[in-house]
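Structural characterization, general
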Amino acid sequence: MTTHSELSVIVLAGGKSSRMGRDKALLPIKGVTLLQRVCNIAESCANTVYVVTPWPERYQHLLLPHCEFIKEVSLVNENVGIQENTENSVTPLASTTNGPLVGFAQGLAKVETEWVLLLACDLPRLQVEVLQAWAAGLGNVEDEAIAALAHHPKGWEPLCGFYRRCCLPQLLEFINQGGRSFQQWLKQYPVEVLPLPAPEILFNCNTPEDWTLVR
Ligand SMILES: Nc1nc2c(ncn2[C@@H]2O[C@H](COP(=O)(O)OP(=O)(O)OP(=O)(O)O)[C@@H](O)[C@H]2O)c(=O)[nH]1
Ligand SMILES: [Mg+2]
């Protein structure tokens, strides 16, 4: 059974929110911003919660006392890449937002636990009970699997699931070869399928219409 101290959480809050037209992380839902809502749930799952974002100053005023911000650096040239350094972080080899896979890599470099739960910041219907039940089963995941994720007909659900810390070298190699797609990266390795008793937890708040449904 994976306990609080063997799991960390990475929350990604660095997207363009182009469909929403305003920063999704700061959208209020029943008086609480989406980012706070996701971070509160994250804190119920693990002792350490990282928020990976290119603009931590934008969220500094939110009450997230138990979250640690990781300021994301951007890769100017899409084909350049990042490398792991000795200070337990990654350094850009050159300097825009590069998408969730690159943000995740920068967070993963800080993780010290065997497993990390990766969460998008636009998941208003997460359920602590489901995440905790998933976490409790991580001890049974086969050794070869780099991740444990829910699956849908078109592929994996990469932004609400678990990754092994030790997959960082494979992830950096993929990024440095120009890869930016979670689906393409995950295709190369064994991934455990998580049961999805409540598919609604994966509802993303991407558009103003989605926000109307949850606010
Ligand atoms: N840190 C970080 N997070 C990102 C980046 N791109 C996307 N994300 C996060 O990944 C999650 C999923 O993002 P999407 O729903 O695909 O959307 P988005 O890019 O924010 O918005 P659209 O422009 O409407 O696609 C959200 O939590 C985003 O904040 C990035 O470059 N860096
Ligand atoms: Mg989304």
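The residue numbering used here restarts from 1 in each chain and proceeds along that chain's sequence as written. Chains and ligands are labelled by the order in which they are written, letters from A for the one and numbers from 1 for the other. In keeping with the model being predicted, local features are shown solely for residues with a pLDDT of at least 70 and side-chain atom pairs are shown and tallied solely at 80 or more, while totals for entire chains, interfaces and linings include all residues.

Further remarks concern the environment of Val128. For helices the rule is a DSSP run of H or I covering at least 4 residues; for strands it is a run of E covering at least 2, with both sets numbered from the N terminus onward. Tracing the chain through its elements places Val128 in helix 3 (residues 128–136). Exposure remark for Val128: the 14 C-beta atoms within 10 Å place this residue in the partly exposed category. Note: C-alpha distance between Val128 and Ile201 (73 residues apart in sequence) is 9.8 Å. Residues are scored as being in contact if the C-beta atoms we place from backbone atoms lie within 7 Å. What Val128 contacts, discounting residues up to four positions off in sequence, is Ile41 and Ser44. Whether a residue is buried, exposed or partly exposed is read from the other C-beta atoms within 10 Å of its own C-beta, which are placed from the backbone; 20 or more gives buried, 12 or fewer gives exposed, and intermediate counts give partly exposed.

A word on the site of ligand 1. For each residue, a C-beta atom is placed from the backbone, and the residue counts as near a molecule or strand when that atom lies within 6 Å of it. Around ligand 1 sit 24 residues, and of these Gly14, Gly15, Ser18, Arg19 and Gly103 come closest. For the shell around ligand 1, the secondary-structure elements that each account for two or more residues are strand 4 (48–53) and helix 2 (100–108).

Here we take up the pairing of strand 12 (residues 160–164). Of all 5 residues that make up strand 12, 5 are buried, and the element is covered over most of its length. Bridge analysis of strand 8 (residues 115–120) against strand 12 gives 5 bridges, and the strand direction is antiparallel. Across the sheet, the residue bridging to Trp115 is Arg164, located in strand 12. DSSP bridges decide pairing: two strands pair if at least two such bridges lie between them. Note: strand 9 (residues 147–149) against strand 12, 2 bridges, orientation antiparallel. Looking across to strand 12, one finds that Ala147 is bridged to Tyr163.

UniProt tags Leu12, Ala13, Gly14, Lys24 and Asp122 as "binding site: GTP" (unreviewed entry). Not counting residues within four places of it along the chain, the set of residues in contact with Ala13 comprises Ala25, Leu35, Val51, Thr53, Tyr59 and Cys121. Among the secondary structure elements, Gly14 is positioned in the loop between strand 1 (7–12) and strand 2 (28–29). Assessed through the 24 C-beta atoms surrounding it within 10 Å, Gly14 is described here as buried. When near neighbours in sequence (up to four residues on either side) are disregarded, Gly14 contacts Val52, Thr53, Pro54, Glu72, Thr97 and Gly103. UniProt positions are given in the numbering used here, feature names are shortened, and annotations may be inferred rather than shown by experiment.

This part takes up the environment of Ala133. Locating Ala133 in the fold gives a position in helix 3. Accessibility expressed as a C-beta count within 10 Å gives 13 for Ala133, which makes it partly exposed. A C-alpha to C-alpha distance of 16 Å links Ala133 and Ala147, two positions 14 residues apart in sequence.

Let's shift gears to the packing of helix 2 against helix 4 (residues 168–176). Lines are fitted to the C-alpha atoms to define the axes, a helix being fitted only along its stretch in contact, and any angle between axes, read from their N-to-C directions, falls within 0 to 180 degrees. In the contact formed by helix 2 and helix 4, the axes pass within 10 Å of each other and the chain directions differ by 145 degrees. The chirality of how helix 2 crosses helix 4 is left-handed. Packed against helix 2, whose contacting residues are Leu101, Val102, Ala105 and Leu108, the element helix 4 presents Leu168, Leu171, Leu172 and Ile175 at the interface. Grouping the constituent residues of the contact of helix 2 with helix 4 by class yields 8 nonpolar, no polar and no charged. Each crossing is labelled by how the near helix is turned from the far one, with a counterclockwise turn of less than a right angle marking it left-handed and a clockwise turn marking it right-handed. Here the term charged refers only to Asp, Glu, Lys and Arg, the term nonpolar to Ala, Val, Leu, Ile, Met, Phe, Trp, Tyr, Cys and Pro, and the term polar to all other amino acids, Gly among them.

A few words on helix 4. Looking only at helix 4, the buried set comprises Leu171, Phe174 and Ile175. The buried residues of helix 4 all sit within an arc of 95 degrees when viewed along its axis, so they share a single face. One or two steps after helix 4, the chain reaches Gly178, where phi turns positive at roughly 100 degrees. Note that the arc is defined by the directions from the helix axis to the C-beta atoms.

Let us look at the UniProt feature "binding site: Mg(2+)" (unreviewed entry) in the protein chain. UniProt records the feature "binding site: Mg(2+)" (unreviewed entry) for Asp122 in the present numbering. The residue Asp122 is located in the loop between strand 8 and helix 3 in this model. Using a count of 23 C-beta atoms within 10 Å as the deciding quantity, one classes Asp122 as buried. If we skip the residues at most four places from it in the chain, Asp122 touches Lys24, Leu34, Asn204, Cys205 and Asn206.

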